[in-house]
Amino acid sequence: MLPADVTPQDLASAARNELKTLSKENAEQVARHLAMAARLIDDDPELAHQHALAASRSAGRIAVVRETVAITAYAIGDFALAVRELRTFRRISGRDDQIALLVDSERGVGRPDRALEVGRAVDRTALPVEVRVELAIAMSGARLDLGENERALQELDIPELDPDRAFSWSPGLFAARAAVLEELGRLDEAAQWQRRAEIAEDVIGARDADSETLLIEEIDEVELDDDEIDDLDPDGEDAVVPAAAESESDAEPEPEPELATEIAPETAPASVQDEVDEILAEAGIDDAAGDAPDAESTR
């Protein structure tokens, strides 16, 4: 059931830390099941759920295990199980990381009133930004379930709703607002917000792609294999110059400030002739004689 290429290290380190109370063998097996659940959740949620259940049978008192069971249960539409597992997860961990999923699961079992009650009971200011946005979207959905369309729109009026900037949560938030506006019959506004959602998603995708490209370029630039190192000229002519050193050697020297290169007229040094005249004057010799042509030189 577990592929040989799946190892405990495939699971996030924070999740592995929660398994330290288990025996080494059991912890490794549970970690592999959780890693498989994470790998399959998008493409095969049913199989992902089976891996989560397998982990739960061996480590039912570990918060991350119950959380994974809840997430996979939600993914396959078993909202009743998701509600039970999420309540257990909150009780064990004391965290509200999955509060939006709990609200949405209450909606899934047909209890929008209960969903709103659960959402209102949480201190939103203590939640991470992304969780707070997800909760607003879930609460808005519960309002729609009750036919409270105007109040559904109000649930989305949160500080994170910035139409001019794209964050990781922006596409979902913009799309949720578009859906509510459509329910209200404000179709032009709905189209505008849907367009914003698409643009935000494209921008975030491009940014992530750029980050991956930069990382690859950095690796290619730094790492050399043994053959490439041996091919370097021993005199250093073909040696790789660190980027910082290369930029320093190629950079144009900065011009000195103009005030540092100019000399003010009143501070200019005296000429040689001025010094001679001063010496002659001190000796009482008329400098006019010095201006007469030398007799020897005119012969």
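Above this text you will find the structure in question.
The rules behind these values
- Residues numbered from 1 in each chain as written.
- Predicted model: local features only at pLDDT ≥ 70, side-chain atom pairs only at ≥ 80, totals over all residues.
- Heavy atoms only, no water.
- Helix = DSSP H or I, 4+ residues; strand = E, 2+ residues; numbered from the N terminus.
- Buried < 20%, exposed > 50% of the residue type's maximum accessible area, 1.4 Å probe, protein only.
- Contact = heavy atoms within 4.5 Å.
- Areas by Shrake-Rupley, 256 points an atom, 1.4 Å probe, with all protein chains shown as cover.
- Patch = residues over 30% accessible without salt bridge, like charges linked within 9 Å, V, L, I, M, F, W, Y side chains within 5 Å.
- Salt bridge = Lys/Arg side-chain N within 4 Å of Asp/Glu carboxyl O.
- Lys, Arg positive; Asp, Glu negative; His and termini not counted.
- Charge placed at Lys NZ, Arg CZ, Asp CG, Glu CD.
- Expected span 1.5 Å × (residues − 1).
- Axes fitted to C-alpha atoms, helices over the stretch in contact; angles between N-to-C directions.
- Parallel < 35°, antiparallel > 145°, perpendicular 65-115°, else oblique.
- Left-handed = near helix turned anticlockwise from the far one by under 90°.
- Core = buried A, V, L, I, M, F, W, Y, C linked by side-chain atoms within 4.5 Å.
- Phe/Tyr/Trp six-rings, centres within 6.5 Å; stacked < 30°, edge-to-face > 60°.
- Lys NZ or Arg CZ within 6 Å of the ring centre and 35° of its normal.
- Nonpolar A, V, L, I, M, F, W, Y, C, P; charged D, E, K, R; others polar.

Chemist: Quick question: what am I supposed to make of the overall build of the protein chain here?
Modeler: Assigned secondary structure in the protein chain consists of 16 helices and zero strands. Expressed as a percentage of the 299 residues in the protein chain, the buried residues total 31%. When contacts within the protein chain are restricted to residue pairs at least 6 apart in sequence, long-range pairs at least 24 apart make up 54% of them. As displayed, the protein chain offers around 19,400 Å² of accessible surface, 49% of which is attributable to carbon and sulfur atoms.

Chemist: How do you make sense of a negative patch on the surface when you look at a structure like this?
Modeler: A cluster of like negative charges, contributed by Asp42, Asp43, Asp44 and Glu46, occupies part of the molecular surface. We classify Asp43 as exposed; its relative accessible area is 70%.

Chemist: Can you help me understand helix H2 (residues 24-40) in this one?
Modeler: Residues that lie three or four places apart on an α-helix share one face, since the helix turns once every 3.6 residues. Taking 1.5 Å as the rise per residue, H2 with 17 residues should run 24 Å; its terminal C-alpha atoms sit 24 Å apart, in good agreement. Looking at the buried side of H2, the elements it contacts are helix H3 (45-58) and helix H4 (63-75).

Chemist: I'm lost on the packing of H2 against H3 in this one. Help?
Modeler: Packed helix pairs are characterised by how far apart their axes lie and by the angle those axes make with each other. Two numbers describe how H2 lies on H3: the axes approach to 8 Å, and their chain directions differ by 160°. Between H2 and H3, the angle is such that the two are roughly antiparallel. In terms of crossing hand, the pair formed by H2 and H3 is left-handed. Here H2 contributes Asn26, Val30, His33, Leu34, Met36, Ala37 and Leu40 to the contact with H3, which in turn contributes Pro45, Leu47, Ala48, His51, Ala52, Ala54, Ala55 and Ser58.

Chemist: What am I meant to see in the nonpolar core here?
Modeler: Across soluble globular proteins, you tend to see nonpolar side chains buried next to one another. Counting residues in hydrophobic clusters, the biggest one holds 19 residues, and the most contacted among them are Leu11, Leu19, Val30, Leu34, Ile62, Val64 and Val65. Breaking this core down by element, the ones donating at least two residues are H2, H3 and H4. A total of eight residues in this core trace back to one element, the largest contributor, which is H2.

Chemist: Whenever I open this one, the packing of aromatic side chains confuses me. Can you help?
Modeler: Applying the stated criterion across every chain yields a total of three aromatic pairs. A ring pair is formed by Tyr74 and Phe79, whose centres lie 5.5 Å apart and whose planes are at 70°; its orientation type is edge-to-face. Using a relative accessible area of 25% as the deciding quantity, one classes Phe79 as partly exposed. If you follow Arg196 out to its NZ or CZ, it ends over the ring of Trp193, 4.5 Å from the centre.

Chemist: Would you mind going over the pattern of salt bridges with me for this structure?
Modeler: Close approach of charged atoms allows side chains with opposite charge to pair. Inspection of the entire model under this criterion finds 18 salt bridges. Arg143 is the partner of Glu155 in a salt bridge, and the nearest nitrogen-oxygen pair spans 3.1 Å. Of this pair, Glu155 sits in helix H9 (residues 149-155) while Arg143 is found in helix H8 (residues 129-145), placing the two residues twelve residues apart along the sequence. Each member of the pair Glu155 and Arg143 is classed as buried. Each member of the salt-bridge network shares a partner with another, and the members are Arg87, Glu106, Arg111, Arg114 and Glu117.

Chemist: Explanation requested: the packing of H8 against helix H10 (residues 170-183) in the structure shown.
Modeler: Two elements in contact, H8 and H10, have axes whose closest approach is 10 Å; the angle formed by their N-to-C orientations is 15°. In terms of their interaxial angle, H8 and H10 are classed as roughly parallel. With respect to the hand of their crossing, H8 and H10 are arranged in left-handed fashion. Contact with H8, carried on its side by Val133, Ile137, Ser140 and Leu144, involves Gly172, Leu173, Ala176, Val180 and Glu183 of H10 and no other residues of that element. Grouping the amino acids of the contact of H8 with H10 by side-chain chemistry returns six nonpolar, two polar and one charged.

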